[in-house]
Amino acid sequence: LEFDIPSQQEFVNGDMNSDGILNVLDVIRIVNDILGSARVGNFDNGDSFALVNHSKVHNDLILAIYSEMDYSGVQFSFNSDQDYNVTLKDNSHITLQQNYSNGRKIAVAYSMFNDIFDGHEAEFTIENGAGISIDDINMIIGDIYGNSIDSYFNEINNGSDYEYQFNINSIYPNPFNPSTAISF
């Protein structure tokens, strides 16, 4: 896909949070504005953060994002000499777009209705991307207001000695009424 570089006026109009960058945070704010959502505005996410577990499975790089905070957009990019395919597991209500241009891969996942990722989780696979260093990936995770959520990377051991850890991630809805979903 080829994209035109936005004009100065288009850039200014699209930069919804006035940070001088066009990214997924602006997309979230634009969707909120179009829908007239009550989610318009700023929200202090305090101590909330997103954990990005990364692992190499066969020849693929897996990026598994989890946050207690509602998030509705993810963008990541990295420099590369080839165009890797990126997939998103589950979350069928989330749109994944990707582009490779001038040696840079960009993937953006968002909801046209500002819906959150199911269970506060998203798992991206960069097919044949096991050789990509996590240090080379620039990631933005946006809350439902279009603010950036701090993210921390955690490497998961994928050697022959698998370590299994189980944690309860979220319970929804809480309190139960009449049923609930528990992810672990």
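A brief structural summary. This one's a predicted model, so the numbers in the text were calculated from it and none came from an experiment.

Relative to strand E7 (residues 121-126), strand E2 (residues 60-67) runs antiparallel, the two being bridged by six bridges. Residue pairing across strands places Leu61 opposite Ile126, the latter belonging to E7.

On to the sheet that holds strand E10 (residues 151-155), then. Strand order across the open sheet formed by five strands is E4-E7-E2-E1-E10, with mixed pairing between neighbours. What marks the edges here is a single partner per strand, and that holds for strand E4 (86-89) and E10. If you compare each strand with its neighbour and ignore which way they point, the axes differ by 25 degrees on average.

Leave glycine aside and you will find that most residues have negative phi; peptide bonds, for their part, are mostly trans. Positive phi, normally seen in glycine, also occurs at Asp90, with a value near 55 degrees. In this fold, Asp90 is placed in the loop between E4 and strand E5 (95-101). We note that Asn114 has phi near 60 degrees; this positive angle belongs to a residue other than glycine. With respect to the helices and strands, Asn114 occurs in the loop between strand E6 (104-110) and E7.

With that out of the way, let us pick up the sheet that holds strand E3 (residues 71-79). Read across the sheet, five strands follow the order E5-E6-E3-E8-E9 without closing on themselves; strand pairing throughout is antiparallel. The strands lining the two open edges of the sheet, one partner per strand, are E5 and strand E9 (148-149). Here E3 pairs with strand E8 (residues 138-143) via six bridges, running antiparallel. Looking at E8, one finds that Tyr71 is bridged to Asp143. The strands touched by helix H2 (residues 24-35) within the sheet are E3, E6, E8 and E9, with E8 carrying the most contacts at an inclination of about 20 degrees.

Of note, Ser101 is situated in strand E5. Along the sequence, Ser101 and Asp83 sit 18 residues apart, while their C-alpha atoms lie 8.5 Å from each other.

Together, Ile34, Leu35, Met112 and Phe113 line one region of the surface with nonpolar side chains, adding up to about 460 Å² of accessible area. Note on placement: Leu35 falls in helix H2.

Parameters at a glance
- Residues numbered from 1 in each chain as written.
- Predicted model: local features only at pLDDT ≥ 70, side-chain atom pairs only at ≥ 80, totals over all residues.
- Heavy atoms only, no water.
- Pairing = 2+ DSSP bridges.
- Helix = DSSP H or I, 4+ residues; strand = E, 2+ residues; numbered from the N terminus.
- Axes fitted to C-alpha atoms, helices over the stretch in contact; angles between N-to-C directions.
- Contact = heavy atoms within 4.5 Å.
- Patch = residues over 30% accessible without salt bridge, like charges linked within 9 Å, V, L, I, M, F, W, Y side chains within 5 Å.
- Areas by Shrake-Rupley, 256 points an atom, 1.4 Å probe, with all protein chains shown as cover.
- Salt bridge = Lys/Arg side-chain N within 4 Å of Asp/Glu carboxyl O.

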